[in-house]
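# A structural walkthrough
Residues per chain, in single letters:
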Amino acid sequence: MLHRLVIIGIVGFWLAMTGLLVVREVYPEFTRLNAVPVSYVGRLIFQHEVASDLSIFSGGKKESIGNFHLQPKNLALDGLRQLELSGNVNLTVPGGRPQRIAWGAVFELRQDFTPARLHLDVAPSEPAQHLDLLVDFAEKKAVFGAKVGEHVLNETAFTLDAAGFGMLLARAGLDATLLRQLTAAQGEMPRLEFGAQSSSTMVGGQKLATFLLTLKVGGQSVFDAQISQLGQILTAQTPPLGWKLTSFSIPR
């Protein structure tokens, strides 16, 4: 089941990126006087290379259901930017029982923030099997498979296009014509809007100047984060999932 969910997630990510290419531009909230370029916040995150460590909460509960770690790095040798991501969360996988899902990823970006490479590893609490994904955006190719120890099993190579993702859907037991229908409807899909603006948040009884980074789909917020002046994520939320993330350094 987890294997199928990861395949669906890969296809969904590709559809979102295709939507961004159709839009062809970023849409900041121009009506606000405190709007700033999204690229400015992106550069800020890499300028100081400050790590972000956050706890994940769900549904207003006080107990954490997981944690999230983000470490930005500048790779001097090849001029790339790198995001190291890791964490874990307690989830109830559809059709299965609750389990803890862990992940680790390395996402490499060029200086203009276009993606270069991605290595993602997802591991359920049981059995002792990982799902491994390698993506080369320049070559428009990827490899996906189950991993036990250092051995990759059931390896599947696919291309980053409609044919490749249609094959993945078919492997997940879904009708590949669904992808063609979604792709054909790109012009009717809700618009993806990235925005950034000057903001502030309270930390330990003190008001800190921050940047609010947002992602909206069809005018509805799907993600927002308060970023410190040093590029550290202080708080974030994902309304569709009902998750709220809070930095370890902020009392709850």
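Because the structure is a prediction, the values reported are computed rather than measured.

## Regarding the overall build of the protein
- Helices and strands together make up the secondary structure of the protein, namely four helices and 13 strands.
- A separation of at least 24 residues holds for 41% of the contacts in the protein among residues at least 6 apart in sequence.
- Just so you have it, the protein exposes about 14,100 Å², and 59% of that area is on carbon and sulfur atoms.

## A look at the pairing of strand E5 (residues 115-124)
- Pairing of strand E4 (residues 98-109) with E5 involves nine bridges; the strand directions are antiparallel. Note on E5: the bridge partner recorded for Ala102 is Ala123.
- Linkage of E4 to E5, two consecutive antiparallel strands, is achieved through a turn of five residues, within which Phe113 is found at a positive phi near 70 degrees.
- Strand direction decides the pairing type here: E5 and strand E6 (residues 130-136), joined by six bridges, are antiparallel. Looking across to E6, one finds that Leu118 is bridged to Val135.

## Some details on unusual backbone geometry
- Here Glu49, not a glycine, exhibits a phi torsion of approximately 50 degrees, which is positive.
- Of note, Glu49 is situated in the loop between helix H2 (38-48) and strand E1 (52-58).
- Of note, Phe113 is a non-glycine position whose phi angle comes to about 70 degrees, a positive value.
- With respect to the secondary-structure elements, Phe113 resides in the loop between E4 and E5.

## Some points on the nonpolar core
- If you look at the biggest cluster of nonpolar residues, it comprises 22 residues, and the most contacted ones within it are Ile227, Ile233 and Leu245.
- Among the secondary structure elements, those contributing two or more residues to this core are H2, E1, strand E2 (66-75), strand E3 (80-92), strand E10 (206-217), strand E11 (220-228), strand E12 (233-238) and strand E13 (243-247).
- For this core, the element with the highest residue contribution is H2, accounting for four residues.
- If near-sequence neighbours (up to four positions away) are discounted, Leu245 is found in contact with Leu54, Ser55, Ile56, Phe68, Leu234, Thr235 and Ala236.
- Formed by eleven residues, the second largest nonpolar core is a distinct cluster that contains Phe137, Phe144, Phe165 and Leu168.

## Regarding the confidence of the model for the protein
- The share of residues in the protein with pLDDT of 70 or more is 73%, and the mean pLDDT across the chain is 79.
- Confidence, expressed as mean pLDDT per element, reaches its minimum in the protein at helix H1 (residues 2-23) with 54 and its maximum at E1 with 95.
- Between residues 20-33, whose pLDDT stays under 50, and residues either more than four places distant or in other chains, the model counts 18 contacts.

## Thoughts on the packing of aromatic side chains
- Under the counting rule described, the total for this entry stands at three aromatic pairs.
- Each ring, one from Tyr40 and one from Phe211, has its centre 5.6 Å from the other, and the planes form 70 degrees; the classification is edge-to-face. Here the residue Tyr40 occupies a position in helix H2, and Phe211 occupies one in strand E10, the gap between them amounting to 171 residues.
- Judged by its relative accessible area of 38%, Tyr40 is partly exposed.
- With 6.1 Å between their ring centres and 50 degrees between their planes, Phe46 and Phe113 make a pair best called tilted. Here Phe46 is found in helix H2, whereas its partner Phe113 is found in the loop between E4 and E5, with 67 residues between them in sequence.

Rules behind the numbers
- Residues numbered from 1 in each chain as written.
- Predicted model: local features only at pLDDT ≥ 70, side-chain atom pairs only at ≥ 80, totals over all residues.
- Heavy atoms only, no water.
- Helix = DSSP H or I, 4+ residues; strand = E, 2+ residues; numbered from the N terminus.
- Contact = heavy atoms within 4.5 Å.
- Areas by Shrake-Rupley, 256 points an atom, 1.4 Å probe, with all protein chains shown as cover.
- Pairing = 2+ DSSP bridges.
- Core = buried A, V, L, I, M, F, W, Y, C linked by side-chain atoms within 4.5 Å.
- Buried < 20%, exposed > 50% of the residue type's maximum accessible area, 1.4 Å probe, protein only.
- pLDDT = per-residue confidence, 0-100.
- Phe/Tyr/Trp six-rings, centres within 6.5 Å; stacked < 30°, edge-to-face > 60°.

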